[in-house]
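One-letter residues, chain by chain:
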Amino acid sequence: MAPASIEAARVWQRRLRDVAPGLTERELDAVEARFGFRFAPDHRAFLAAGLPTGPSWPDWRYGDPERLREWLARPVEGVLFDVRRNGFWYPSWGPRPEDPAERERVARAALASVPQLLPLYGHRYLPPAPFGPGHPVLSVHQTDIIEYGHDLVDWLQIAVTGTPGRRNARPVFTVPFWSSFVAVDPEGGFTTPHDPTATTAAEAVEYLRMLALERLVGRQVDDEQLITAGLVADALGVDAPSLPLLAGLTDHAPAVGLFERVLAELGLADSLPADDSDLPYERARWELVRWWLRLIVDGGLRASTGAGVVTHGGWALLGRPESLRPLVDLGPERLSPDAPDRTGADRAIVTEAARLLAGPWPPPATGRQALLAPCS
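Residue indices begin from 1 for each chain and proceed along its sequence in written order. For this predicted model, a pLDDT threshold of at least 70 governs which residues receive local features, and a threshold of 80 or more governs which side-chain atom pairs are given and counted, while totals over whole chains, interfaces and linings are taken from all residues. Side-chain calculation: all heavy atoms of the structure are included, whereas hydrogens and water are not.

A. Structural detail: the overall build of the chain. Segments assigned H or I by DSSP are reported as helices when at least four residues long, segments assigned E as strands when at least two residues long, and all are numbered from the N terminus. Across its full length, the chain holds 14 helices and six strands. Should any heavy atoms of two residues lie within 4.5 Å, those residues are considered in contact. Summarising the internal contacts of the chain: among those between residues at least 6 apart in sequence, 66% fall at separations of at least 24. In short, Shrake-Rupley with a 1.4 Å probe defines the accessible areas, and a residue's cover is counted only from the protein chains shown. Approximately 16,500 Å² of the chain is accessible, and the part contributed by carbon and sulfur atoms is 52%.

B. Molecular detail of helix α4 (residues 65-85). With 21 residues, α4 should cover 30 Å at 1.5 Å per step; its first-to-last C-alpha distance of 29 Å lies within 8% of that length. The angle between axes fitted to the seven residues ending at a residue and the seven residues starting there is what we call the bend at that residue. Residue Arg74 marks the point of greatest curvature in α4, where the axis turns by about 50°; the proline Pro75 follows within four residues. Three exposure classes are used, based on accessible area relative to the maximum for each residue type with a 1.4 Å probe and protein chains only: buried under 20%, partly exposed in between, and exposed over 50%. Of the positions making up α4, those classed as buried are Leu68, Trp71, Leu72, Pro75, Gly78, Val79, Leu80, Asp82 and Val83. Looking at the buried positions of α4, the neighbouring elements they touch are α2 (25-35), α5 (100-111), β3 (118-121), β4 (124-126) and β5 (138-141). Just past α4, the residue Gly87 takes up positive phi, approximately 75°. What a helix should span is 1.5 Å times the count of its residues minus one.

C. The environment of Pro326, seen in detail. Within the secondary structure, Pro326 sits in helix α13 (residues 325-328). Residue classification places Pro326 among the partly exposed positions, given a relative accessible area of 36%. For Pro326 and Leu356, which are 30 residues apart along the polypeptide, the C-alpha to C-alpha distance reads 10.0 Å.

D. Main features of the environment of Ala45. For Ala45, the location among the structural elements is in helix α3 (residues 41-49). Residues Ala45 and Ile6, 39 residues apart in the sequence, show an inter-C-alpha distance of 5.0 Å.

E. Looking closely at unusual backbone geometry. With omega at 10°, the peptide bond leading from Ala129 into Pro130 counts as cis. Tracing the backbone shows Pro130 in the loop between β4 and β5. In the segment running from Trp361 into Pro362, the intervening peptide bond is cis, with an omega of -10°. Examined against the element boundaries, Pro362 turns out to sit in the segment after α14 (343-358). Phi is positive for Phe177, close to 70°, though the residue is something other than glycine. With respect to the secondary-structure elements, Phe177 resides in the loop between α6 (152-161) and α7 (201-216). Residues other than glycine seldom take positive phi values, yet Arg320 does so here, at roughly 55°.

F. Looking closely at empty space enclosed by the protein. Put plainly, a pocket is an open set of points on a 1 Å grid over the protein atoms alone with protein on both sides within 12 Å along at least five of seven lines, a cavity is a set where a 1.4 Å probe fits but cannot get out, and a lining residue has an atom within 4 Å of a point. Grid points are joined across faces, edges and corners, and a volume is the space filled by probe spheres set on the points. Inspection of the entire model under this criterion finds three cavities of 30 Å³ or more. Size it by volume and the largest cavity reaches roughly 120 Å³. Lining the largest cavity are 13 residues, with Phe88, Thr143, Thr191, Pro193 and Val309 positioned closest to its centre. Charged means Asp, Glu, Lys or Arg here, nonpolar means Ala, Val, Leu, Ile, Met, Phe, Trp, Tyr, Cys or Pro, and polar covers whatever is left, Gly included. Residue composition of the lining of the largest cavity, by class: five nonpolar, five polar and three charged.

G. Quick look at the pattern of salt bridges. Here, a salt bridge means any Lys or Arg side-chain nitrogen found within 4 Å of an Asp or Glu carboxyl oxygen. For the coordinates displayed, the defined rule picks out 17 salt bridges. Between Arg294 and Glu206 there is a salt bridge; the shortest N-O distance is 2.4 Å. One end of the pair, Arg294, is in helix α11 (residues 282-298); the other, Glu206, is in helix α7, with 88 residues separating them in the sequence. Classification of Arg294 by relative accessible area gives partly exposed; the value is 23%. Exposure remark for Glu206: the relative accessible area of 28% places this residue in the partly exposed category. Arg283 is paired through a salt bridge with Asp276; the nearest N and O atoms lie 3.5 Å apart. Take Arg283: its relative accessible area is 47%, and that puts it in the partly exposed class. A residue is classified by how much of its surface remains accessible, and Asp276, at 54% relative accessible area, is exposed. Taken together, the shared-partner salt bridges in this structure form one network comprising Glu25, Asp29, Glu32 and Arg44.

H. Summary view of the confidence of the model for the chain. Values of pLDDT, the confidence the predictor places in each residue, fall between 0 and 100. Per-residue confidence for the chain averages 83 on the pLDDT scale, and 86% of its residues sit at or above 70. Residue range residues 184-188 is modelled with pLDDT below 50. Its contacts to residues more than four positions away, or to other chains, number 10 contacts. This model gives residues 367-376 a pLDDT under 50, and the stretch forms 40 contacts once residues within four places in sequence are excluded.

I. Highlighting the pairing of β3. One ladder, built from three bridges, connects β3 with β4; its direction is antiparallel. Following the sheet pairing, Tyr121 is matched in β4 by Arg124. Here the rule is simple: two strands pair whenever DSSP picks up at least two bridges between them. Adjacent in sequence and paired antiparallel, β3 and β4 are bridged by two residues, among which Gly122 carries a positive phi angle near 55°.

J. Layout of α5. For α5, built from 12 residues, the straight-helix expectation of 16 Å at 1.5 Å per residue is met to within 8% by its first-to-last C-alpha distance of 16 Å. In this structure, the buried residues of α5 make contact with α4.

K. Highlighting the packing of α2 against α3. Think of each axis as a best-fit line through the C-alpha atoms, taken over the contacting stretch in the case of a helix, with angles from 0 to 180 degrees between the N-to-C directions. Relative to each other, α2 and α3 sit at 130°, their axes nearing to 10 Å. The pairing of α2 with α3 is recorded here as oblique in orientation. Taken as a pair, α2 and α3 cross one another with a handedness that is right-handed. Where α2 approaches α3, its residues Glu25, Leu28, Asp29 and Glu32 are matched on the opposing element by Arg44, Leu47 and Ala48. Its residues assigned to classes, the contact of α2 with α3 comprises three nonpolar, no polar and four charged. Angle categories are assigned with fixed cut-offs, so that under 35 degrees is roughly parallel, over 145 is roughly antiparallel, 65 to 115 is roughly perpendicular, and the rest are oblique. The handedness criterion is simple: a crossing whose near helix is rotated anticlockwise from the far helix by less than a right angle is left-handed, and one whose near helix is rotated clockwise is right-handed.

Structure (structure tokens):
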């Protein structure tokens, strides 16, 4: 099936519920002119083959222009929400300003230059031309962003049949900024926005270890998080000569060096798991998933954010194990774009996280395993 084939798209669209006649070349040109983007060739061919209708499909023919503009703006506005509320900061934006208004100003200015993602269905997006054809379909909800189909064809098969079309395909992520969330080895990784929940010395030591594991697998850990972990451990009576120095830092520059000294003094540095499996840092990632689940249950990590962290920081890079799929399926990327709130879904995420923690670890494989090639 050619990625930009109108005829092939019609074959898949026959299996969708309601499909109006496709957009003409003139209509497609008018949409692009009105909103200031260009559809990638496969996206354009899909809309020319037929225009699926329903509340989760963008109506490029008769839809309210303001609602369509809001839909187009959701990816960027979602990132800004996480900047304001959940501690998100992208590494290439430079040092994170202390002032919240300045943080939002810097982030908004940087996001003004990223490619505008185009809604395909609900929270599913494709980048515009020239990023395509053949770019993965992204599921985007704030900074909970995962690959949801190797390309438009693969996503159609998932949407229609519930199974991926090409299990061994390797997706190609090329769109600036957005692709870094789902690349196999995203440069610099991303900070896990959380509050510490340790209440004993043993839990404080484990907290230090978890931050060390995050750094080991390539996730970003802010200097402030290292200092906070030192404060928690020092307050709970953990004994390490360099710990009071880390806990008392006001200048962040020495934080990494002191953190590494604390790890060595506590014997944690030599205990970190080696990268000795087919999946990169498999054992370390399973440990991190367990920690993220505990943070969700204990309230140190917002449930919907935690589901996203588990999804693209664990599940996707562990070969998409079926044991974690129930929690992934509760994540915010599964909501319709007009869902009024997440209260019920958040409670379900906490319940599922507690269920996983109560069982054996790592949880045993069940049913189908690794339906899609590892990627995120």
